[in-house]
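A structural walkthrough
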Amino acid sequence: MTSPHIDSSALGSLAQTSPPDGRGREVVFDVTDLNVSYGGKLALKDVSLEIRKNFVTAFIGPSGCGKSTFIRCFNRMNDLIPGAKVDGTILYHGRDLYASGVDPVEVRRRIGMVFQKPNPFPKSIYDNIAFGPRVLGMKKGLDDRVERSLRAAALWDEVKDRLEDNALGLSGGQQQRLCIARALAVEPDVILMDEPASALDPISTSRIEDLIHELKSEYTIVIVTHNMQQAARVADMTAFFSVELREDLGGRHGILVEHDKTAKIFTNPSDRRTEDYVTGRFG
Ligand SMILES: Nc1ncnc2c1ncn2[C@@H]1O[C@H](COP(=O)(O)OP(=O)(O)OP(=O)(O)O)[C@@H](O)[C@H]1O
């Protein structure tokens, strides 16, 4: 079965470079029986999956299925939401991310995040990138670090002559690459991206996708996307989430339906619900 929603050229190249399912690769996150609720209302139920090193993993699914809720669990961003409660286990390189004694600030340094809407600080381009390293006392070789981060985010050539300009003067796509550079500047291990291109035009989107391809040799990347073609283009592994209605549990909540190689999710999914979604029969 081939999804009518997916550009066949994207799938063609994906099929040729179809990755192994990662068995044998180091597990970065091992999630077991994760439940998340807001103010006592269940939002995500019983999610278990593994995220492997140097893979791009995409989370897809209909609105409200808990993709953003889930990605925020990986760097404890839900800690900042009043009423949010996370139960279950997330091991990060074998260590319980939610154990007492784990410093959420250090977690967020190792596991950086880029949001849907680019959110540069109202400061110079240079100071945006230098901000995290300065806060963390990584002041040695700061100029080099700023240049390295901007180069890694494919922005250096466009901004090298105006590093003192305000970052808010950059285009939306440049601002998003700046936010990626800002995340890279503190030497993370993982980059979480919550719909990083959904506010951008097609050319800027394509640059972000190219960047994701380049970054995965050094980083483990998790991306939430509404765009199935984007998942097909960038992700090695894809997790499909759906919404389940259970009156006995207080209404609707998200569940993980299937997590597999991206080519399998889009061409030969194991679950009927995934097939209905990727072929556009639902969602
Ligand atoms: N800060 C919050 N406070 C209360 N409820 C929330 C909060 N964030 C999310 N929710 C609820 O949790 C459920 C899952 O939302 P979430 O935003 O994680 O889904 P999503 O799959 O990312 O949706 P979308 O694709 O529309 O962004 C929804 O019912 C939502 O209303």
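Residues numbered from 1 in each chain as written. Predicted model: local features only at pLDDT ≥ 70, side-chain atom pairs only at ≥ 80, totals over all residues.

**Things to note about the overall build of the protein**
Helix and strand counts for the protein come out as eleven helices and ten strands. The 283 residues of the protein split such that 42% are buried. Taking the contacts inside the protein whose residues are at least 6 apart along the sequence as the reference set, 72% of them involve residues at least 24 apart. (Helix = DSSP H or I, 4+ residues; strand = E, 2+ residues; numbered from the N terminus. Buried ≥ 20, exposed ≤ 12 C-beta atoms within 10 Å, placed from the backbone. Contact = placed C-beta atoms within 7 Å.)

**With respect to the UniProt feature "domain: ABC transporter" (unreviewed entry) in the protein**
The positions that UniProt labels "domain: ABC transporter" (unreviewed entry) are, in the present scheme, residues 29–268. A helix fraction of 33% and a strand fraction of 30% characterise residues 29–268, whose end C-alpha atoms lie 26 Å from each other. (UniProt positions renumbered as here; feature names shortened; annotations may be inferred.)

**Section: the nonpolar core**
In this structure, Ala181, Ile191, Leu192, Ile221 and Ile223 are the most contacted members of the largest nonpolar core, which totals 72 residues. Considering every element that reaches this core, the biggest residue donor is helix α7 (residues 172–184), with six residues. (Core = buried A, V, L, I, M, F, W, Y, C linked by C-beta atoms within 7 Å.)

**A closer look at the site of the ligand**
What surrounds the ligand is the set Tyr38, Ala43, Gly61, Ser63, Gly64, Cys65, Gly66, Lys67, Ser68, Thr69, Ile81 and Gly254. Residues that form the shell around the ligand fall into these classes: four nonpolar, seven polar and one charged. (Near = placed C-beta within 6 Å. Nonpolar A, V, L, I, M, F, W, Y, C, P; charged D, E, K, R; others polar.)

**What about the confidence of the model for the protein?**
Looking at the protein, the pLDDT average stands at 90 and 92% of residues meet or exceed 70. Counting contacts from residues 1–18, a segment whose pLDDT is below 50, to residues more than four positions away or on other chains yields 32 contacts. Two numbers describe this predicted complex: its pTM, 0.90, and its ipTM, 0.98. (pLDDT = per-residue confidence, 0-100.)

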